[in-house]
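One-letter residues, chain by chain:
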Amino acid sequence: MTTIVVVKKDGVAVIAGDTLTTFGSTRLGSAHDAAPEKLLKHGDTYFGIAGSAAHQLVLESLLKRHPEFKFHGREEIYESFRKIHPLLKDEAFLNTKEDDDDAYESSQLTALVVNPSGIFGVYSMREVFEFDRFWAIGSGRDFALGAMYAAYDQAKGASKQKTAESIARLGVTAGAEYDTGTALPLNMATVKLATVKSTIQK
């Protein structure tokens, strides 16, 4: 239960998330939570994690003890999460069971990843996707995606183009407006994207 978004625009990548934790029908808002932030930092990489509230503390602990993990690009993210998976089982007692016909064991988490190499999503079987513009995860993702889609490509000649930060804020705010598992205030982190040199010869 959450809304976490990533946006890439004009050389900047942004990740933003709400601050509500829920336990069944009980809500723990930011006013009552000493650590309501859902964004996790590791080096120059930020993570936003959806699913069980336990995921964030578990991943934070693992990354502190394993600083060697890198997350720049799809291959590095996949390889790092592939190596994290057995640690989740051995050290954090992960229950990998989902459906009987699943092709692979589940890591039971969904995460968005932002760093100078771009914006990415990681799903339960360690599938890694790179996004060109924006994405969202969590129970409020549909509302966030709709809001960001409407804001990202404004008509040409508009007096004020939306920034990556303002689009991300719109996404989380839409989640908080309509999703029962999302609430403000939000947290946000911004990184400057690395310049990728073209290898095309002319």
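As a reminder, the structure under discussion sits directly above these lines.
Everything quoted here is computed from the prediction, not taken from an experiment.

Caption draft 1: Layout of the overall build of the protein. Per the secondary structure count, the protein includes 4 helices and 11 strands. Over its C-alpha atoms the protein spans a radius of gyration of 17 Å, differing by no more than 12% from the 17 Å that the globule rule assigns to 202 residues. In terms of principal-axis extent, the alpha carbons of the protein reach across some 55 × 50 × 35 Å. The buried share of the protein, reckoned over its 202 residues, is 45%. Here the protein displays about 11,200 Å² of accessible surface, and carbon together with sulfur accounts for 53% of that area. The protein carries 23 positive and 26 negative side-chain charges, and their two centres are separated by 8 Å.

Caption draft 2: Seen up close, the side chain of Asn115. Structurally, Asn115 can be placed in strand β7 (residues 110–115). For Asn115, a relative accessible area of 0% translates into the label buried. Engagement of the side chain of Asn115 in a polar contact is seen with the side chain of Thr45, the distance being 3.1 Å. There is a polar contact of 2.6 Å between the side chain of Asn115 and the backbone oxygen of Phe71. Residues contacting Asn115, with those up to four places away along its chain left out, are Asp44, Thr45, Phe71, His72, Phe120, Val191 and Leu193.

Caption draft 3: Main features of the sheet that holds strand β1 (residues 4–9). One open sheet holds the 4 strands; their spatial order is β10-β1-β2-β11, and the pairing between them is antiparallel. Both outer strands of the open sheet, β10 (134–137) and β11 (187–192), are each paired with one neighbouring strand and no more. When strand polarity is set aside, the average angle formed by the axes of neighbouring strands in this sheet is 10°. Strand direction decides the pairing type here: β1 and strand β2 (residues 12–17), joined by 6 bridges, are antiparallel. Note on β2: the bridge partner recorded for Lys9 is Val12. Sheet strands touched by helix α3 (residues 141–152): β1 and β10. Its angle to β10, the strand with the most contacts, is close to 165°.

Thresholds applied
Residues numbered from 1 in each chain as written. Predicted model: local features only at pLDDT ≥ 70, side-chain atom pairs only at ≥ 80, totals over all residues. Heavy atoms only, no water. Helix = DSSP H or I, 4+ residues; strand = E, 2+ residues; numbered from the N terminus. Rg over C-alpha atoms; globule rule 2.2 N^0.38 Å. Buried < 20%, exposed > 50% of the residue type's maximum accessible area, 1.4 Å probe, protein only. Areas by Shrake-Rupley, 256 points an atom, 1.4 Å probe, with all protein chains shown as cover. Lys, Arg positive; Asp, Glu negative; His and termini not counted. Charge placed at Lys NZ, Arg CZ, Asp CG, Glu CD. Polar contact = N/O pair within 3.5 Å; in protein donor to acceptor, adjacent residues only side chain to side chain. Contact = heavy atoms within 4.5 Å. Pairing = 2+ DSSP bridges. Axes fitted to C-alpha atoms, helices over the stretch in contact; angles between N-to-C directions.

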